[in-house]
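Each chain is listed here by its residues.
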Amino acid sequence: MTCIERASPALNQILLKLYSAEKPMEIDHHLYEFGSAEYHILSEASDPRVAFLSISTAPLCPGVLATNELSSYTIEMIKALCPAVVEIAESRREGYQLTLKLNLTKIPRGKDYIKEIKEISTVHSVILSSQLKEILWNFNSDNAIKGMHKPIKLVYNPREPFFVIRQPQQIIAVFPIRFAEKSDVIISTAFFQELVDVGSSDRYAKAPPCSWSAIPPPELRGEAFEDLSTNGGFVSFDISSHHVDGKRLDKTVWNLLNFNAYVRYHVKITKGFIQRRMRKRLENLVEVLHHRESLEQDNEQITRHQDAGCSCTKRLVRSSKYSILKQRWGNLGRKLKRIHFRLKIQGFGRFRQRWLRLPKFSSREYTKLD
């Protein structure tokens, strides 16, 4: 996905490293960036105060702007970045459209140097914006006067071209939207419908009117089939004169260049949000299931403890009843013994065995005496 910021992150990082180095550094580095941009940074240790930045980029509108040449308007816009630091080199590096000579000693110290270096890193966005401005001002003017409005094909990304139709009263920008995944198409369709509804409200009356269609608009009739074959439809913006007046022109041009990137950024963020919500929902469901399972286990343990407590209580009750009855019957037996043998006489047992015996009678027959 392209970087929506104007400054190139990689180029900005290298220039900051080169400027903040305590010792002289020798750099010979190549960078390739989205939009067919190529950078070459050269700095020699023998002369650390000067760095050379060469830039090569594909033309925004092939066939209209020269491939290896930049217009005078674009050159002036580049010079206006940091006039004290940036200088156009007399001889450009072979294979590049432009070579800049950067005088690092003229970059102010303190916090301002970060802002200056970031401004230099926006050179690619300045080239693209100036090309689009020049196209909107000069291209197709004769045809517009005659009532012929031919679409201008702009190629910021070879896979995502868009069209601009310059008319006397307004400019129509049409974006064919393509996605590789069906889920992206569904999310983008919902996004475009919401964008149309919000753009037509009174709150955003000053914004360019937006429309979305699944088929190509009438302004693109006659264009190549490969440029009109999409699965996400066509988004159109009607840009009037007050959208390109003064400082608004630069913002409008940059928004047009990055609309495809913004759509893909929105789709990516939406998918990430949906995935995070799904993971969070799954975690909540798993937590609820674990909580319920733990409650069931706790209830089972409580039931087991209650059953074990009841059985112990029964055993305790039974044992206590048995001990109470045993104690009572033992006391009763001892009382009965005391009743039968209340007096104890020493030697009475032997006396009873010797002298208190019952006589024994024999079974002899007796005769009657006369």
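Residues numbered from 1 in each chain as written. Predicted model: local features only at pLDDT ≥ 70, side-chain atom pairs only at ≥ 80, totals over all residues. Heavy atoms only, no water.

(A) Representation of the side chain of Asp184 in the model. Within the secondary structure layout, Asp184 lies in helix H6 (residues 182-199). The class of Asp184 is buried, set by a relative accessible area of 12%. (Helix = DSSP H or I, 4+ residues; strand = E, 2+ residues; numbered from the N terminus. Buried < 20%, exposed > 50% of the residue type's maximum accessible area, 1.4 Å probe, protein only.)

(B) Representation of the pattern of salt bridges in the model. On inspection of all chains with the given rule, the structure shows 7 salt bridges. Here Asp250 makes a salt bridge to Arg6, at a shortest N to O gap of 3.0 Å. Linking Asp250 in helix H8 (residues 248-257) with Arg6 in the segment before helix H1 (9-20), this pair joins segments that are 244 residues apart in sequence. Classification of Asp250 as partly exposed rests on a relative accessible area of 27%. (Salt bridge = Lys/Arg side-chain N within 4 Å of Asp/Glu carboxyl O.)

(C) Just the packing of aromatic side chains, in detail. Applying the stated criterion to the full structure yields 7 aromatic pairs. Summarising the aromatic geometry, the rings of Phe175 and Phe259 are spaced 4.7 Å apart at their centres and angled 45 degrees between planes, so their arrangement reads as tilted. With Phe175 in strand S8 (residues 170-176) and Phe259 in helix H9 (residues 259-340), this residue pair connects regions lying 84 residues apart in the sequence. In terms of burial, Phe175 and Phe259 fall into one category: buried. Aromatic side chains Phe191 and Tyr262 sit 6.1 Å apart centroid to centroid with 55 degrees between the ring planes, which places their arrangement in the tilted category. With Phe191 in helix H6 and Tyr262 in helix H9, this pair connects stretches of sequence that are 71 residues apart. (Phe/Tyr/Trp six-rings, centres within 6.5 Å; stacked < 30°, edge-to-face > 60°.)

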